[in-house]
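# Close look at the chain arrangement
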Amino acid sequence: MNKQKILIIGGGGREHAIGWKIAQSKREPVLYFAPGNAGTAEIGTNLDIKATDIIKLLEFVKNEKITLTLAIPDDPLALGIVDEFRKDGLRIFGPTKAAAQLESSKAFSKRFMKRHNLPTARFEVFSDINLAKEYLEKESLPIVIKASGLAFGKGVIIAETKEEAVNVLENILVKKIFGSAGNEVVIEEFLVGPEISTHAFSDGKNYKLFPTSEDHKKIGENDTGPNTGGMGTIAPLPRQMKGQAFVTKELLKRIEHEIIAPTLNAMREDGIPFEGILYPGLILTKNGPKILEYNARFGDPETQTYMRLLETNLLDIINACIDKKLEELPIKWKEVSACTIVLASNGYPGVYEKGKIIDGIEEAEKESDIVVFKGGVRKDEQGNLVTNGGRVLGVSATGNNLKEALAKAYEAVSKISFEGMQYRRDIGKKILLLN
Ligand code: AMP
Ligand code: GLY
């Protein structure tokens, strides 16, 4: 039998983790990455093609007779890579352009949630400053103001006073500090409660849940400083926190029956079935779980943690999604805990330098149950591993419980160094301390 040839689009720690998992398949698939990184180069062939260059990707897939493509990052999905591949009869995993709007357009996703009565923060959309100010008067504080379009992760402001809120509205709607991304603003109720990540595989009709996880979005300890892509994750989340119920079986049922299933049903009703990874970010309010936002893809670093927990062959799951047979496939997760600590460049999420030599990955991986996933890493001309991005490495560990996994991960982190390396020392701490 010919070996499967698989193209994985993307080049972060998440794509290294997905490739790492797939490379363990007994069928020994041949892996390609576009563009990949120094980690993916260890398990496959990196292509000099950008994740968003759909024309070149199509050309490569046809010439090389690639059997399956995995579209991982948000931007090729938002550009409609899945639609383009399917037009040519090619096998690809991910949501269509229309379905990916759940992530690519806040206005689309908020209106979708309202239309289908899905639990989310109360909101209104405005383009007129006076109407927006009038609405503010009736709302309580703090209040969340979001530029509707993409604003490089800076478009969400939590205003503590009315004056601050008016100021923000004027900056966005009148002074246009986010340009046309701020032609409309969403004014949204502030939700109070812990924030968690949920993921589900979907074949458009049926779905299978991942364990829940917690990301750490801020750069600084105790959730301070600017937002990042994510600085560390733990999974699965415990049933109890501080002696109180946390992610209980009942809560998991509510998430499934009030959020995941109705979202997928509503997408089908609207004629845009969602096939791929549905990743809603949730806030657990005292009135139940509410949707903060949808992502239409695997999270990063969540996926680095998830791949350490997944027991079932990932290719089998992905093929079952494409073939609409997910219902028939049992998915197993290991009965252990896992975590990932992200090591980032000095200055991230702002400007940072590249090309710093990285030491100690081998030592770190000698520790038990450690895998170091590479993100912004490349090999220089002398063969040294050097930094090449904001989030450089994901140090992942498994353990019998969260405490053990975190202790192992931090021990491994202590073996690694590069100039300006920064990381959060408090990943999982809130949950650990409170237990
Ligand atoms: P977003 O870009 O929509 O993911 O928002 C960035 C961050 O702002 C989220 O991860 C939350 O921590 C916070 N946030 C956004 N919307 C709300 C809300 N309605 N209530 C409370 N926090 C929010
Ligand atoms: N970890 C956050 C994200 O992938 O969006």
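As a further point, take the packing of helix α5 (residues 97-104) against helix α6 (residues 106-115). Between α5 and α6, the shortest axis-to-axis distance is 6 Å and the interhelical angle comes to 95°. Judged by the inter-axis angle, α5 sits roughly perpendicular to α6. Together, Ala98, Gln101, Leu102 and Ser104 of α5 and Lys106, Phe108, Ser109 and Phe112 of α6 make up the contact between the two elements. Partitioned by chemical class, the residues of the contact of α5 with α6 number four nonpolar, three polar and one charged.

This brings us to the site of ligand 2. Residues in contact with ligand 2, as listed here, are Asp215, Gly229, Tyr279, Arg297, Gly299, Asp300, Pro301 and Glu302. In the environment of ligand 2, a nitrogen atom lies 2.7 Å from a nitrogen or oxygen atom belonging to the side chain of aspartate 215. Taking aspartate 300, its main chain carries an N or O atom lying 2.9 Å from a nitrogen atom of ligand 2. Within the shell around ligand 2, the residues separate by chemical class into two nonpolar, two polar and four charged.

What surrounds ligand 1 is a group of 14 residues, the closest being Glu188, Glu189, Leu191, Glu195 and Glu293. Interatomic distance of 2.7 Å between a side-chain N/O atom of glutamate 188 and a nitrogen atom of ligand 1. Protein coverage of the free-state accessible area of ligand 1, which is 480 Å², stands at 86%. Going through the elements one at a time, β7 (143-147), β9 (185-189) and β20 (288-295) are the ones with two or more residues in the shell around ligand 1. Per-class residue counts for the shell around ligand 1 are six nonpolar, one polar and seven charged.

Definitions and limits used
- Residues numbered from 1 in each chain as written.
- Chains lettered and ligands numbered in written order.
- Predicted model: local features only at pLDDT ≥ 70, side-chain atom pairs only at ≥ 80, totals over all residues.
- Heavy atoms only, no water.
- Axes fitted to C-alpha atoms, helices over the stretch in contact; angles between N-to-C directions.
- Helix = DSSP H or I, 4+ residues; strand = E, 2+ residues; numbered from the N terminus.
- Parallel < 35°, antiparallel > 145°, perpendicular 65-115°, else oblique.
- Contact = heavy atoms within 4.5 Å.
- Nonpolar A, V, L, I, M, F, W, Y, C, P; charged D, E, K, R; others polar.
- Near = heavy atom within 4 Å.
- Polar contact = N/O pair within 3.5 Å; in protein donor to acceptor, adjacent residues only side chain to side chain.
- Areas by Shrake-Rupley, 256 points an atom, 1.4 Å probe, with all protein chains shown as cover.

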